[in-house]
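Structural characterization, general
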Amino acid sequence: MNEFFYRNGELYCEDVSVTKIAGEVGTPFYLYSSDALISRFKAYDQAFSGSSHLICYAVKANSNLAVLNLLAGLGSGADIVSGGELRRALRAGIEAASIVYSGVGKTEQEIRQAIEAGILMFNVESMQELDVITRQAGRLGLKAPISFRVNPDVDPMTHPYISTGLKKNKFGLSMSDARKAYRAAAARKELRISGISCHIGSQLTELQPFVDAFRRIRTLLEEIESWDIEIKYIDTGGGLGIRYNDETAPEPAQYVRTLLKEAEGLNQTVIVEPGRSIAGNAGILVTRMLYTKEHEGRRFYIVDAGMNDLARPSLYQAYHAIFPVEETDTPLRETDVVGPICETGDFLARQRPMPDVPRGSLLAVMSAGAYGFTMSSNYNSRPRIPEVMVKGDRFQVVRSREGFEHVIRGERLFELDC
Ligand code: LLP
């Protein structure tokens, strides 16, 4: 897959010059390739062909309505974690019956909305949550479909902030609690047991942890079935990694083949919840260099995108490749690429070999399609930046740049007498 490439020394997204978009939209902005999104989704879908499956795209990775709508058109379901994501998914045309609802802190109101919408199932993470779902379903006179998110205690060997399937993490129920939970749920008429699920972490570059988790879940599934509880879905979560730098992440097809091998002999529908592996390399962040400066022997490129626009480098020391939009063969020198935010942690790259480029140049921050815009904020009263989607030789702004009025929306002066 390479929807971002140089043509005549200039970076293109499909058939559109990035410089041209920057000229019309201004900087910074997120840029997505529709072809890349489609081909990544299809890679999953085709690898599953012939087996009963559902791809529930993890909305948190990139929740732009245009992205969701594109995936909806390909038959995608959604993995959501809030009422807001539920509404986005529905608005974008994803069918309620293909939505799974994950997350440790679903509120009563969110639970009610999701039951009313008719989602496929809740991935329940605690007994108290189960009680709330039971109560809300009872009030609505409906049966709530549930699955328990089991914490298989598998080390995904990824960054500690994004590993979720270890005993010490807040996610899911332990295997032994899950056994009790299934028995309890089976006795409640307000509930319908639909599945079993897990999610062990994100940006996994090895398949073995997925295999280990699947085997544990499968053992539990078979035990539960022996109690005459029918389970229709086995949801293995998301987490497949992508190449940011020099990692070698397995391809979706390889990952799916591995899962299907583990699922042999089961009659359940396999659900996967990929986010990053669909959207991550389908997007970039385009930023302009405002200034360059040197001190204490260090060179800084000060750009117009900051940690409020792309939090990953500051938050996880994540690596994103950065290339000049106009190709150059000037020598590389170690450079800190930093944003305008008043924090030392505001950087996009540190001590990175970068070519000499003049002030005003455009830079492309790669692999920014997942957990980029969705984690952005208004910190430092910076308006959130636009999102642009390309198809062939055309592009469209799919979220416009915020203005100052967006930034202060809902605020008012304190008018009570002090
Ligand atoms: N399912 C569940 C229940 C999840 O919690 C997640 C991600 C996914 C699916 C999708 O995982 P993916 O396929 O994208 O790895 N902000 C972090 C990543 C946090 C992931 C949270 N959960 C980052 O920028 O690396």
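Residues numbered from 1 in each chain as written. Predicted model: local features only at pLDDT ≥ 70, side-chain atom pairs only at ≥ 80, totals over all residues. Heavy atoms only, no water.

Quick look at the domain arrangement of the chain now. Annotation of the chain at the domain level lists domain 1 (4-32 + 280-407) and domain 2 (34-278). The distance between the C-alpha centroids of domain 1 and domain 2 comes to 32 Å. Summing both sides of the interface, domain 1 and domain 2 together bury roughly 2,000 Å²; the carbon and sulfur share of this comes to 53%. For the pair domain 1 and domain 2, the number of links is zero salt bridges. The tally of links from domain 1 across to domain 2 stands at twelve residue pairs in polar contact (both at pLDDT 80 or more). (Domains from an automatic or database assignment. Buried area = accessible area lost by both parts, 1.4 Å probe. Salt bridge = Lys/Arg side-chain N within 4 Å of Asp/Glu carboxyl O. Polar contact = N/O pair within 3.5 Å; in protein donor to acceptor, adjacent residues only side chain to side chain.)

Another aspect to go through is the side chain of Ser376. Mapped onto the fold, Ser376 is located in the loop between β18 (362-365) and β19 (387-391). Since its relative accessible area comes to 11%, Ser376 is described here as buried. Apart from the residues lying within four places of it in its own chain, the contact partners of Ser376 are Asn308, Asp309 and Arg384. (Helix = DSSP H or I, 4+ residues; strand = E, 2+ residues; numbered from the N terminus. Buried < 20%, exposed > 50% of the residue type's maximum accessible area, 1.4 Å probe, protein only. Contact = heavy atoms within 4.5 Å.)

Glancing now at the sheet that holds strand β11 (residues 233-235). Spatially, β5-β6-β7-β8-β9-β10-β11-β12 is the arrangement adopted by the eight strands of the closed barrel, whose pairing is parallel. Averaged over all adjacent pairs, the angle separating strand axes in this sheet is 30°, with direction ignored. Bridge count for β11 against strand β12 (residues 269-272) is three bridges, and the pairing is parallel. What sits directly across from Tyr233, in β12, is Thr269. Packed onto the sheet, helix α4 (residues 83-91) meets β6 (77-80) and β7 (99-101) and runs at close to 165° relative to β6. (Pairing = 2+ DSSP bridges. Axes fitted to C-alpha atoms, helices over the stretch in contact; angles between N-to-C directions.)

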